[in-house]
Amino acid sequence: MSSTRNDIQGGLVAMGALLFNVTTAALMILLFNAGLALVGQDTLGRRRIPWAAVAVTAVALAGVVTQLCWSGAMDAFDSDPGKSGWWRVITSVFMQNGGFLGGAWNIATLAVIAALAQWFWGGPLTVALFAAGILLPEHIDALFGQTGGSTDPRNFAGSSGATYFLAATLAAGLLLRGRERKDVLLAIAAPVFGLGMWFAQSNGHGMVTVYGFVLGLLVRTLGSRLIDPDRDLRQPPRTTMASLAGLVGRRPRQAG
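(A) Layout of the overall build of the protein. Broken down by element type, the protein carries ten helices and zero strands. Going from N to C terminus, the protein has its helices and strands arranged as α-α-α-α-α-α-α-α-α-α. Per-residue burial over the protein gives 43% buried out of 256 residues. A separation threshold of at least 6 residues defines the contact pool for the protein, and within that pool the share at least 24 residues apart is 78%. Accessible area of the protein: about 14,400 Å², with a carbon and sulfur share of 64%.

Structure follows, in structure tokens:
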């Protein structure tokens, strides 16, 4: 009897974990589509290489390489509250503890979202908003007296929280642009879905999405002078995303 009960409980836990991962991925897909609608899918090939996004992704990759080469990296850089070190709130973002698939997902989504953000916000503001996604959640938690666990989904390590935060700022930009009804609905769906995830699953990815959305609204409304989007589309630079893709895909000629 106890064995059957344990099997049922184990099955429910597994189903809960699967549902958690599915809804988390669904939220990212929603945010990605909002960013794509904001920037314009048909403009991607003509846009500049987003060097700020490349730099942030390179730091994240360097963190993974450090983990692979040094067994003590996680102990030195994670955000375990039982350890001292002011740097941990920052360095823990560039450590990954979700296994190979989780780490690959985090790096890939960071690269894509940071690129979309740079094309809309500009490089400096993208880096600033990503930094806000690292630093703000714990302070917002303290402001609202959140004592039952942080709303930041970082489990001692991981970049997903800051990435979802940054992605949500794009949904905010899409809402304020509001050219079509479908864009407005897509933008509003991000914080609504995020809140639902937080209340139903205590999924921190949902709450940091709300935080990022609110900050995005404030920056877009009050800090328009700080925004430096990539507007050079009629006369694109010599090196664009399309030309880079063509260079990578070109095969060397074989000697005849």
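(B) Structural context of the environment of Ala111. With respect to the secondary-structure elements, Ala111 resides in helix H5 (residues 99-121). Measuring from C-alpha to C-alpha, the distance between Ala111 and Thr57 comes to 5.5 Å, with 54 residues separating the pair along the chain. Excluding residues that lie within four positions of it along the chain, Ala111 makes contacts with Ala53 and Thr57.

(C) Just the packing of helix H7 (residues 160-177) against helix H8 (residues 181-201), in detail. It is the contact of H7 with H8, at a shortest axis distance of 8 Å, that shows an interaxial angle of 145°. Relative to H8, the crossing made by H7 is left-handed. Where H7 abuts H8, its residues Ala171, Leu174, Leu175 and Arg177 lie against Asp183, Val184, Leu186, Ala187, Ile188 and Ala190. Among the residues forming the contact of H7 with H8, the class breakdown is eight nonpolar, no polar and two charged.

(D) Here's a closer look at the nonpolar core. Counting 51 residues, the largest nonpolar core has Leu31, Trp121, Leu129, Phe130, Leu166 and Leu170 as its most contacted members. Broken down by secondary-structure element, the contributors of at least two residues to this core are helix H1 (2-39), helix H2 (51-69), H5, helix H6 (123-143), H7, H8 and helix H9 (204-222). In this structure Leu166 touches Ile113, Ala114, Ala117, Thr126, Leu129 and Phe130, once residues within four positions along its chain are discounted.

(E) Local environment of H2. In this model H2 runs 26 Å from its N-terminal to its C-terminal C-alpha over 19 residues, within 8% of the 27 Å that 1.5 Å per residue would give. When we look at burial in H2, the residues that qualify are Ala52, Ala53, Val56, Thr57, Ala60 and Gly63. Buried residues of H2, seen end-on, are gathered within an arc of 140° and therefore sit on one face of the element. Turned more than 90 degrees away from the buried face of H2 sit Trp51, Leu68 and Cys69, all of them exposed. For H2, the elements touching its buried residues are H5 and H6.

(F) The packing of aromatic side chains, seen in detail. Evaluation of the coordinates by the stated rule reveals four aromatic pairs. On the basis of an interplanar angle of 75° and a centroid distance of 4.8 Å, the ring pair of Phe120 and Trp121 is categorised as edge-to-face. The same class applies to Phe120 as to Trp121, namely buried.

(G) Local environment of the pattern of salt bridges. One pass over the structure, following the stated rule, counts five salt bridges. One salt bridge in this structure joins Asp75 and Lys83, with 3.2 Å as the shortest N-O distance. Taking relative accessible area as the criterion, Lys83 reaches 29% and is therefore assigned partly exposed. A salt bridge links Asp78 to Arg88; its shortest N-O distance comes to 3.2 Å. Placement of Asp78 in the loop between helix H3 (73-77) and helix H4 (88-91) and of Arg88 in helix H4 is noted, with a sequence separation of ten residues between them. Judged by its relative accessible area of 5%, Asp78 falls in the buried class. One network of salt bridges, in which partners are shared, links Asp75, Asp78, Lys83 and Arg88.

(H) Molecular detail of unusual backbone geometry. In this model, Ser202 sits at a positive phi of 55°, which is unusual for a non-glycine residue. By the element assignment, Ser202 lies in the loop between H8 and H9. Judged by relative accessible area, which is 53%, Ser202 ranks as exposed.

Conventions we followed
Residues numbered from 1 in each chain as written. Predicted model: local features only at pLDDT ≥ 70, side-chain atom pairs only at ≥ 80, totals over all residues. Heavy atoms only, no water. Helix = DSSP H or I, 4+ residues; strand = E, 2+ residues; numbered from the N terminus. Buried < 20%, exposed > 50% of the residue type's maximum accessible area, 1.4 Å probe, protein only. Contact = heavy atoms within 4.5 Å. Areas by Shrake-Rupley, 256 points an atom, 1.4 Å probe, with all protein chains shown as cover. Axes fitted to C-alpha atoms, helices over the stretch in contact; angles between N-to-C directions. Left-handed = near helix turned anticlockwise from the far one by under 90°. Nonpolar A, V, L, I, M, F, W, Y, C, P; charged D, E, K, R; others polar. Core = buried A, V, L, I, M, F, W, Y, C linked by side-chain atoms within 4.5 Å. Expected span 1.5 Å × (residues − 1). Arc of directions from axis to C-beta. Phe/Tyr/Trp six-rings, centres within 6.5 Å; stacked < 30°, edge-to-face > 60°. Salt bridge = Lys/Arg side-chain N within 4 Å of Asp/Glu carboxyl O.

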